[in-house]
Amino acid sequence: MDKFTEKSMKLKIILSVGVVVIIFIIGLAFFARPTISENEKRELTKFPEFTFESFLSGEYTSQVSLWFSDTYPLREAMITANGAIQSIYGIRGEQVIGGGNADAIPNGPSDIVFNPTDDGKGENFEGMYLNGDTAYQLYFFNQQNSDSYIALINKFARSVEGKATVYDMIVPLHYQIALSKETINKYNASDCGEAISYMYSNLDDSVVAVDTLPQLISHNNEYLYFRTDHHWTARGAYYAYVAFCQAKDITPTSLEDYQRLQFNGFLGTFYANAKQPTSMRNNPDYVEAFVPMGVNEEKVYDSNGNKIAEYAIVYTKADKYDAGKKYTAFIGGDQPLIEIHNPKINDGSSIVVIKESYGNAFVPFLVDSYEYVYVIDYRQWSGDLADFVIDRGIDDVLFLNVVSNTSTSARLKELSSIIK
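The present account deals with the structure reproduced in this document. (Residues numbered from 1 in each chain as written. Predicted model: local features only at pLDDT ≥ 70, side-chain atom pairs only at ≥ 80, totals over all residues. Heavy atoms only, no water.)

Details of helix α8 (residues 192-201)
Then, number 1: Counting buried residues in α8 gives 7 out of 10 residues, a clear majority hidden from the surface.
Then, number 2: If you check which residues of α8 are buried, you get C192, G193, A195, I196, Y198, M199 and Y200.
Then, number 3: On the buried face of α8, the contacting elements are α5 (143-159), β6 (165-171), α6 (174-178), β7 (207-210) and α9 (213-218).
Then, number 4: Its side-chain oxygen 2.9 Å from the backbone nitrogen of G193, D191 forms the N-cap of α8. (Buried < 20%, exposed > 50% of the residue type's maximum accessible area, 1.4 Å probe, protein only. Helix = DSSP H or I, 4+ residues; strand = E, 2+ residues; numbered from the N terminus. Contact = heavy atoms within 4.5 Å. Polar contact = N/O pair within 3.5 Å; in protein donor to acceptor, adjacent residues only side chain to side chain.)

Printed below as a string of structure tokens:
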């Protein structure tokens, strides 16, 4: 090794060590720590109050460790940088990105096969249709995966038969509500209604199917789905809540009874994946939210059942946050396990919602219909769902999935991990 190469290597080592030392010093900073995460739309962990009891039990040091990692000064920048390096699509005008070959949707029952394969994590989607300032996620029916979804719901229903009522809500995508049949056929997208009907027709009689399509179609002149994001709005989720109440034969809370909030300037996943088109940037979405009346606080637990935080069910200050993060105003975003207790209801009623991110905007409406609401994100929680329901004496179990996730192998694998 020549002297020049040796000096170059030494310089690189010194610089690397220097960077590590600087980052470490920043991490030790006590008074410069943030208190709110704009990316995650939540208050960060507070420094714990010292007591001898918590110190001796080890809880105090555990909470200090959680505070240290949760309020690291560079954490927000790291989250932002991670989002910035995700892959993006380049789209111009009216165009379809991605896509797939849809199976024909059977008219009658079929054999149930459960053999999902892991095809990745995250909330990706096979195809996207962009027209002006509005994008639509496309769905392609997959019979094998749809049958696997049916098998999972039926398997769970049998495990809690006689102990809890199981409801299944499969949510159609925006295009099924807003686009003509000709446009849907043009891009070979599957009919969400037909696919949902197929899955519902193969569920056990003990499972109560919640058909949201009629409610959504009857209100399709309202703001039910975002244009720049793949989720539905809180208003869309409300009409699904009405459909749930109809299936359960209870009276839904009137939308006018809630405190309404509006967070402007929302630019969601479609905007990011479409390489930030000007058409969307000049006409962003807004996030509408309706605050529960009985309580607006929830307890959040990690995948092992340890309490990690207390959040607002609807975060009332979400207007302060980044354009791409405003949907996390609902239940603090995706969390492994949430527990909500409404002190204004004293009948012991309880429900657990098994959901992905579509459930986030839906959950707040259940708060004023039950004394206890539990929320499990099956992509993060680990445990035996039947044991969870039976041990707590939960009355109702609601599976809530957007239709595309019933054909996604990764989601099915995660759901199967909690249905033993």
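Some thoughts on the sheet that holds β7
Then, number 1: The strand order across the open sheet formed by 8 strands is β7-β6-β15-β13-β14-β12-β10-β11, and the pairing between neighbours is mixed. With partners counted over all chains shown, the strands left at the sheet margins are β7 and β11 (307-312), one partner each. Across the sheet, the axes of successive neighbouring strands diverge by a mean angle of 20°, strand direction being ignored.
Then, number 2: Relative to β7, β6 runs parallel, the two being bridged by 4 bridges. Of the residues in β7, the one forming a bridge with Y167 is V208.
Then, number 3: In this fold helix α10 (residues 234-248) packs onto β6, β7, β13 (350-355) and β15 (396-402), with an angle of close to 145° to the strand it touches most, β7. (Pairing = 2+ DSSP bridges. Axes fitted to C-alpha atoms, helices over the stretch in contact; angles between N-to-C directions.)

Looking at the pattern of salt bridges
Then, number 1: One pass over the full model with this rule turns up 13 salt bridges.
Then, number 2: A salt bridge links R235 to E288, with the shortest nitrogen-to-oxygen separation between them at 2.7 Å. One end of the pair, R235, is in helix α10; the other, E288, is in strand β9 (residues 285-291), and 53 residues separate them in sequence. Here the two residues R235 and E288 agree in accessibility, since each one is buried.
Then, number 3: Linking R379 and D377 is a salt bridge whose minimum nitrogen-to-oxygen distance equals 2.6 Å.
Then, number 4: Salt bridges sharing partners connect three or more residues here, namely E222, R235, R260 and E288. (Salt bridge = Lys/Arg side-chain N within 4 Å of Asp/Glu carboxyl O.)

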